[in-house]
Amino acid sequence: MKQLRIGDIMIDAVIEREGPWRRPQDFFPAYDEAVFKHHLPSMEPEVFDAALGMMVITYQTFVVCTPRYATLAHACTGGVKGDQSPFDFPGEERGG
């Protein structure tokens, strides 16, 4: 779990899945190799795994805690939703 504190507010990122999942040309319909190569130095290694040629994607939920409330913020992406590529989990990663 990753955590961030802003004043008296605590934000926890609950990681469902993290790692290299998709090639950028599979994820972005308007992918342009020249534009990608221009920006590559600023992406490695946090958001692009050059050895695998894949983007590092994190599926996560956030828990935001204030002194009075706890709120769950979920982006509604991730496993077992039946989403079409590229928003699904590839291969065996689908849960049951």
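Everything quoted here is computed from the prediction, not taken from an experiment.

Moving on, we get to the side chain of Thr61. Along the polypeptide, Thr61 turns up in strand 4 (residues 54-65). One polar contact links Thr61 to His74, side chain to side chain, over a distance of 3.1 Å. If we skip the residues at most four places from it in the chain, Thr61 touches Asp12, Ala13, Val14, Leu72, Ala73 and His74.

This part is about the packing of aromatic side chains. Tallying each qualifying case throughout the model produces 3 aromatic pairs. Here the aromatic rings of Tyr31 and Phe36 are separated by 5.7 Å at their centres, their planes lie at 50°, and the arrangement is tilted. With a relative accessible area of 24%, Tyr31 lands in the partly exposed category. When its relative accessible area of 13% is taken as the criterion, Phe36 is described as buried. Of the aromatic side chains, those joined through ring pairs into one cluster are Tyr31, Phe36 and Phe48.

What follows deals with the side chain of Asp12. Structurally, Asp12 is set in strand 2 (residues 9-22). Buried within the structure, Asp12 lacks any salt-bridge partner; Arg5 is the closest side chain of opposite charge, at an N-O distance of 8.5 Å. A distance of 2.6 Å separates the side chain of Asp12 from the side chain of Gln3, its partner in a polar contact.

Bringing the environment of Leu40 into the picture now. Tracing the sequence through the fold places Leu40 in helix 2 (residues 33-43). Exposure remark for Leu40: the relative accessible area of 19% places this residue in the buried category. Placed 10 residues apart in sequence, Leu40 and Ala50 show a C-alpha to C-alpha distance of 8.9 Å.

Mean pLDDT over the protein chain stands at 81; residues scoring 70 or higher make up 77%. Model confidence for the protein chain, summarised as mean pLDDT per element, is weakest for helix 1 (residues 24-27) at 86 and strongest for strand 5 (residues 70-74) at 91. Segment residues 92-96 is flagged for pLDDT under 50; beyond a separation of four residues in sequence, or across chains, it makes 9 contacts in the model.

What counts as what
- Residues numbered from 1 in each chain as written.
- Predicted model: local features only at pLDDT ≥ 70, side-chain atom pairs only at ≥ 80, totals over all residues.
- Heavy atoms only, no water.
- Helix = DSSP H or I, 4+ residues; strand = E, 2+ residues; numbered from the N terminus.
- Polar contact = N/O pair within 3.5 Å; in protein donor to acceptor, adjacent residues only side chain to side chain.
- Contact = heavy atoms within 4.5 Å.
- Phe/Tyr/Trp six-rings, centres within 6.5 Å; stacked < 30°, edge-to-face > 60°.
- Buried < 20%, exposed > 50% of the residue type's maximum accessible area, 1.4 Å probe, protein only.
- Lys, Arg positive; Asp, Glu negative; His and termini not counted.
- Salt bridge = Lys/Arg side-chain N within 4 Å of Asp/Glu carboxyl O.
- pLDDT = per-residue confidence, 0-100.

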